Amino acid sequence: MFSNEINESKIMLDTIINGVDDGVFVVDKDFKITLFNKKAVDISGFSSDEVLNHLYYEVLNFVFEEDEKNTNDFIKKTFMEGIVEETSQNTILFKKDKIKINISYGATPVKDESGSITGCIVAFRDITKEREIDKEKTEFISIASHNLKTPLSIIKWISEFLLDKKIQKSDVEKEEYINNIYITNKGMIRLVDNLLNIFHIETGNGFTIKKINVNIIELIDKSVEDNIQFAKSKNINLVKSESINGEFIINIDEGKIKQVFNNLIDNAINYSPDGSTVNIDLIKKEKEIDFVVSDSGIGILKEQQGRVYEKFFRGDNAIEKETSGTGLGLYISKKIIEGHSGSIRFESESGVGTKFYVSLPIN
Amino acid sequence: MKDKKIVLITEDEKVLRETLHSGLEGENITVVEARNGQEGLDLSLSLHPDIILLDLIMPKMDGLTMLEKIRNHDAWGQKVPVILLTNLTSSDEQRNNDMARLTPTYYFEKTEMGIEQIIEKIKEILKVQ
């Protein structure tokens, strides 16, 4: 009866140890590994046979991230001092295949009834992914704050310049400066909207696609209307194809798809030479529709075409021409289209023009 | 009549560059503009400006790389005063070390510093009115 209970307890303990989401191993007072759970095998790449009854420091290699100096001593320290040791610095574990992974760990002494330390339990976790996410977040905040400060500096400097009575300015100059403030402010509003969009996309918070039946023809008309002023300012002819006529109902998130259309039309105008034409087409197919915007603008450099949907990416030729842009529009557009189970693609040649296609399923 | 001082503005943001340019223009200063680090370096080495205003984040070549190349180039490059203008926050230790190393260099955050203060600083360094 008694041995049955022990057996049951052992089975339960084994189940718990192998079920936990952390790597766990136990080291005895001779520093030999006496237990190595399933997750520890998954994380380290070593099988139980390769580690059990081996000195822990001969198999497992923990080092500091900064200087790659050995940090295996944390287990010995737990033995010596009898206290719980936790990751104090960024720690790396070399896996069996020598690949480095970021880990966090905790080492706890095991004491017998008399209080003597008889072993040490180490729990560790692969935090490589968390570290990457942290790094991405930091980079995002750093780029976002830089991109927000740039228009703020422009508005600050120009306002100071206009207010400075010592500097002579003609009415034409003044108008030009005020126009610059206006354009910069408009760009900043778009940037803030885009940053909020990204925040929603990345946290999954508020980025939901709410589909309703929409007349896509009307939606395209509204999008064109939104961009007419910008087109006029560059003397660009916005031409709709004959297929954009009448009624065509499709189930989409009206606001978000309009944002995509606006983005593509705005880009086409922005990167086109003054006086050129931007064509907007709608191709109705059996199961999907294609919304197409084509321009004869600066195009996308061939070697950079793979990076177009990256966050904050702007083409070298777009920067060179000193065009405005946040590098966020296409990233967001792609997410919106993917949220509709559609696709976005483009054909582009540097110096010739770009043609963007958005395909949306009809049902 | 003494020679005009040359100010080189290396800044990728067109409006900032032009605003600084307008603020600096005067009878004793010639202003030259560069749109990125590479242009800035080329103009620096050919014109030997009396002062360089330098943005940090720019296409083609960033500000610190350009500054390093100038400092290592010749006797003029070692001495020319440089004002770094940036929208980055000053918490990057590596960057701060680089800036300390590449003296004589002044560092202004664009949103902190008014254009008038920057112009005053330039005039003070150049000793022009």
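Overview of the structure. It should be emphasised that the depicted structure is a prediction, and the values quoted were computed from it without experimental measurement.

1. Notes on the overall build of chain B
Here comes step 1: Helices and strands together make up the secondary structure of chain B, namely six helices and five strands.
Here comes step 2: The helix and strand sequence of chain B, counted from the amino end, reads β-α-β-α-β-α-α-β-α-β-α.
Here comes step 3: Whereas a compact globule of 129 residues would reach a radius of gyration of roughly 14 Å, chain B reaches 14 Å, a difference of no more than 12%.
Here comes step 4: Dimensions of chain B, computed from C-alpha atoms along their principal axes, come out at roughly 45 × 35 × 25 Å.

2. Concerning the overall build of chain A
Here comes step 1: The helix and strand tally for chain A stands at eleven helices and 14 strands.
Here comes step 2: Whereas a compact globule of 363 residues would reach a radius of gyration of roughly 21 Å, chain A reaches 31 Å, over 25% beyond that.
Here comes step 3: The buried share among the 363 residues of chain A stands at 26%.
Here comes step 4: Of all intrachain contacts in chain A linking residues separated by at least 6 positions in sequence, the fraction that spans at least 24 positions is 58%.

3. Describing unusual backbone geometry
Residue and element names in this part refer to chain A.
Here comes step 1: One non-glycine residue, F31, lies in positive phi territory at about 70 degrees.
Here comes step 2: For F31, the location among the structural elements is in the loop between β1 (23–28) and β2 (33–36).
Here comes step 3: Given 17 C-beta atoms within a 10 Å radius, F31 is considered partly exposed.
Here comes step 4: In this model, N235 sits at a positive phi of 55 degrees, which is unusual for a non-glycine residue.
Here comes step 5: Note on placement: N235 falls in the loop between α8 (216–233) and β9 (237–240).
Here comes step 6: Since 10 C-beta atoms lie within 10 Å of it, N235 is described here as exposed.

4. Description of helix α6 (residues 115–126) of chain B
Here comes step 1: Here α6 of chain B contains twelve residues, and its C-alpha end-to-end distance of 16 Å stays within 8% of the 16 Å for a straight helix at 1.5 Å per residue.
Here comes step 2: When we look at burial in α6 of chain B, the residues that qualify are I115, I118 and I122 of chain B. Around the axis of α6 of chain B, the buried residues are gathered within 65 degrees of arc, so they sit on the same side. Exposed residues pointing more than 90 degrees away from the buried face of α6 of chain B are listed as Q117, E120 and E124 of chain B.
Here comes step 3: Where α6 of chain B is buried, its residues contact α6 (128–163) of chain A together with β1 (5–10), α1 (14–24), β3 (51–55), β4 (82–86) and β5 (105–109) of chain B.
Here comes step 4: A positive phi of about 55 degrees marks K127 of chain B, the residue just after α6 of chain B.

5. So, the interface of chain B and chain A
One frequent convention defines the size of an interface as the accessible area lost when the parts assemble.
Here comes step 1: With 17 residues of chain B in contact, the opposing surface of chain A contributes 19 residues.
Here comes step 2: Residue assignment for the side of chain B that touches chain A shows that the elements contributing at least two residues are α1 and α6 of chain B.
Here comes step 3: Among the elements that line the side of chain B that touches chain A, the one with the most residues is α1 of chain B, at six residues.
Here comes step 4: For the side of chain B that touches chain A, the residue count by class is six nonpolar, seven polar and four charged.

6. Section: the pairing of β3 of chain B
Working note: regular strand, side chains alternate between the two faces of the sheet.
Residue and element names in this part refer to chain B.
Here comes step 1: Within β3, five of the five residues are buried, leaving the element largely enclosed by the surrounding structure.
Here comes step 2: Side chains of β3 alternate between two faces, with I51, L53 and D55 and I52 and L54 buried alike.
Here comes step 3: Inspection of the sheet shows β1 paired to β3 by four bridges, in the parallel sense. Looking across to β3, one finds that T10 is bridged to L54.
Here comes step 4: Here β3 runs beside β4; their pairing, made up of four bridges, is parallel. Paired with D55 across the bridge in β4 is L85.

7. Considering the nonpolar core
Here comes step 1: Counting 32 residues, the largest nonpolar core has V7, I9, I52, L53 and L54 of chain B as its most contacted members.
Here comes step 2: Going through the elements one at a time, α6 of chain A together with β1, α1, β2 (29–34), β3, α3 (63–71), β4 and α6 of chain B are the ones with two or more residues in this core.
Here comes step 3: Not counting chain neighbours up to four residues away, the residues in contact with V7 of chain B comprise L24, I29, V31, P49, D50, I51, L53 and I122 of chain B.
Here comes step 4: Listed in part, the 29 residues of the second largest apolar core include I252, V260, I298 and A318 of chain A.

8. Considerations on the sheet that holds strand β13 (residues 343–349) of chain A
Residue and element names in this part refer to chain A.
Here comes step 1: Strand order in the open sheet formed by five strands is β9-β11-β12-β14-β13, and the pairing between neighbours is mixed. For this open sheet the edge positions go to β9 and β13, each flanked by a neighbour on one side alone. Neighbour-to-neighbour, the strand axes of the sheet open up by a mean angle of 15 degrees, direction not taken into account.
Here comes step 2: Strand direction decides the pairing type here: β9 and strand β11 (residues 277–284), joined by four bridges, are parallel. Among the inter-strand pairings, V239 is bridged to a residue of β11, identified as N279.

Each value, and the rule that gives it
Counting restarts for each chain, with residues numbered from 1 along the sequence as it is written. Think of it this way: whatever chain is written first is A, whatever ligand is written first is 1, and the rest follow in order. Only residues with pLDDT of 70 or above have their local features reported here, since the model is predicted, and side-chain atom pairs are shown and tallied only from 80 upward, although totals for entire chains, interfaces and linings are computed over all residues. Under the DSSP-based scheme used, a helix requires at least four consecutive residues in state H or I and a strand at least two consecutive residues in state E, with every element numbered from the N terminus. The atom set for the radius of gyration is the C-alpha atoms, and the globule formula is 2.2 Å times the number of residues raised to the power 0.38. Residues are called buried when their C-beta atom has 20 or more other C-beta atoms within 10 Å, exposed when it has 12 or fewer, and partly exposed otherwise; all C-beta atoms are positioned from the backbone. A pair of residues counts as a contact when their C-beta atoms, built from backbone coordinates, are within 7 Å of each other. A helix is expected to reach a length of 1.5 Å times the quantity of its residues less one. Starting at the helix axis, one direction is taken to each C-beta atom, and the arc is that of these directions. Just so you know the grouping, Ala, Val, Leu, Ile, Met, Phe, Trp, Tyr, Cys and Pro go in nonpolar, Asp, Glu, Lys and Arg go in charged, and all remaining residues, Gly too, go in polar. Two strands pair under a simple rule: DSSP has to find at least two bridges between them. A set of buried residues drawn from Ala, Val, Leu, Ile, Met, Phe, Trp, Tyr and Cys, joined through C-beta atoms within 7 Å, is what defines a nonpolar core. Here, axes are lines fitted to C-alpha atoms. For helices the fit covers the stretch in contact, and angles between N-to-C directions go from 0 to 180 degrees.

On their own, these measurements won't tell you what the molecule is for.
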